[in-house]
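# Descriptive structure summary
Read off the chains here:
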Amino acid sequence: MNQVIELVKRKVKKEKPEVSELGFGKYYTDYMFSMDYQEGKGWHNAKITPYEPLSLDPSAMVFHYGQAVFEGLKAYKTKEGKVLLFRPEKNVARMNISCERISIPQVDEKMVLEAIEQLVDLERDWIPDQEGTSLYIRPFIIATEPCLGVRPSREYKFLVILSPVGSYYTDQLKPVKIYVDEEYVRAVPGGTGYVKTAGNYAASLRAQEKAEELGYEQVLWLDGIERKYIEEVGSMNIFFKINGEVVTPQLNGSILGGVTRDSVIQLLQYWGVPVREAQISIDEIYDAYIKGHLEEVFGTGTAAVISPVGELNWKNISMKVNGTGELSARIYETITNIQLGKEKDSFNWIMEI
Ligand code: COI
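Just so we're clear, the structure is a prediction, and the values are computed from it rather than from any experiment.

Before going further, it helps to spend a moment on the domain arrangement of the protein chain. Per the domain assignment, the segments making up the protein chain are domain 1 (6–165) and domain 2 (176–343). Measuring from the centre of the C-alpha atoms in domain 1 to the corresponding centre in domain 2 gives 27 Å. With 23 residues of domain 1 at the interface, the matching set in domain 2 holds 22 residues. Counting each side, the surface lost to burial between domain 1 and domain 2 is near 2,100 Å², with a carbon and sulfur contribution of 60%. Our count for the contact surface shared by domain 1 and domain 2 stands at one salt bridge. Our count for the contact surface shared by domain 1 and domain 2 stands at 12 residue pairs in polar contact (both at pLDDT 80 or more).

The next subject is the site of the ligand. The full set of residues close to the ligand is F70, G72, Y136, R138, Y168, K196, Y201, T302 and A303. Between an oxygen atom of the ligand and a side-chain N or O atom of Y136, the distance comes to 2.6 Å. When the ligand sits alone it has 280 Å² of accessible area, and the protein chains cover 89% of it. A class-by-class count of the residues in the shell around the ligand yields five nonpolar, two polar and two charged. Two domains each provide a minimum of three residues to the shell around the ligand, namely domain 1 (6–165) and domain 2 (176–343).

Inspection of every chain in the model, using the stated rule, returns zero disulfides. Between C99, a free cysteine, and C147, which holds the nearest cysteine sulfur, the sulfur-to-sulfur gap is 19 Å.

Bringing the pattern of salt bridges into the picture now. One pass over the full model with this rule turns up 18 salt bridges. Ionic pairing is found between R206 and E213, a salt bridge with its closest N-O pair at 3.7 Å. According to the relative accessible area criterion, E213 is exposed, its value standing at 59%. Note that R276 is salt-bridged to E245, the shortest N-O span being 3.0 Å. One end of the pair, R276, is in strand β14 (residues 275–278); the other, E245, is in strand β13 (residues 245–249), with 31 residues separating them in the sequence. Overall, the relative accessible area of 39% leaves R276 in the partly exposed class. Here the salt bridges share partners, and the residues they tie into one network are D181, E183 and K210.

Reading guide: rules and limits
Residues numbered from 1 in each chain as written. Predicted model: local features only at pLDDT ≥ 70, side-chain atom pairs only at ≥ 80, totals over all residues. Heavy atoms only, no water. Domains from an automatic or database assignment. Contact = heavy atoms within 4.5 Å. Buried area = accessible area lost by both parts, 1.4 Å probe. Salt bridge = Lys/Arg side-chain N within 4 Å of Asp/Glu carboxyl O. Polar contact = N/O pair within 3.5 Å; in protein donor to acceptor, adjacent residues only side chain to side chain. Near = heavy atom within 4 Å. Areas by Shrake-Rupley, 256 points an atom, 1.4 Å probe, with all protein chains shown as cover. Nonpolar A, V, L, I, M, F, W, Y, C, P; charged D, E, K, R; others polar. Disulfide = S-S within 2.5 Å. Buried < 20%, exposed > 50% of the residue type's maximum accessible area, 1.4 Å probe, protein only. Helix = DSSP H or I, 4+ residues; strand = E, 2+ residues; numbered from the N terminus.

Put into structure tokens, the structure is as follows:
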């Protein structure tokens, strides 16, 4: 690391939560990284300061037109006390793809990666090392210019905050129940489905509430035109094992290209397990289910890791799947072992801090 970022120290450190209390995204560490953007000046004012509330003008454009992008990645602590990041360069590169779509100026990827390393290094003591825990890293950018005109902001703030986390769902390997929604859509061709922008998540909340009211934990989205082709689940990409072959929806412009999704595809190819990215209709899944060929369903994501799916409800038909399948369990074990430095990193995915 060669970049020196100004550090403003805090006087009193926070008390750290008990590991059993962690959950997901409830606690934040002592420090955060921030930098500002101004038209004509570029990104500047990079610093690490105590974690604290922001002061923004009520007319800051993010509040009105939602110009905001974010990322999510994790730092892991090994039993020997080493701190490892999992493919962080993929997240930083994806952030620039999101910025391009939402008309936010590009960030210097090398600089941002170094800022993340420096912040995580400073907060090493906050990284839990119990199984299933990690330090969730949330970089994000918001439009800060005070203006009510609809146009790209000329000022932005980039921040990185850190949150020690347990599993995203209550129980990591407990199969989740998923509701296939035909009323709402998440994305349409030409829209923003392939990027991590706040509005995608805001637009998903009503369907998520509806699924919960019906007793389901997540929504499976179908395509926005025919409401037929499978896209992704609320906070993860989705995989199906049918007759020995693994299939996942192909990246079509309205699906998020997950880092875990990509890692799982590479891992399956390495193991010689047939895996295919394809357009998959919900009817095909139902057909496989009826014929007894739907062997496993699982979601993948940074927050969700590998999450087995136990039930898919489509048109009030409840398709029950074989809980935590053998393949999902093997993938979970291998990915988490690589992330924790317990297994050889044959893919060069790990960056030690
Ligand atoms: C992630 O997996 O990192 C996500 O961003 C999903 C969700 C928590 C928004």
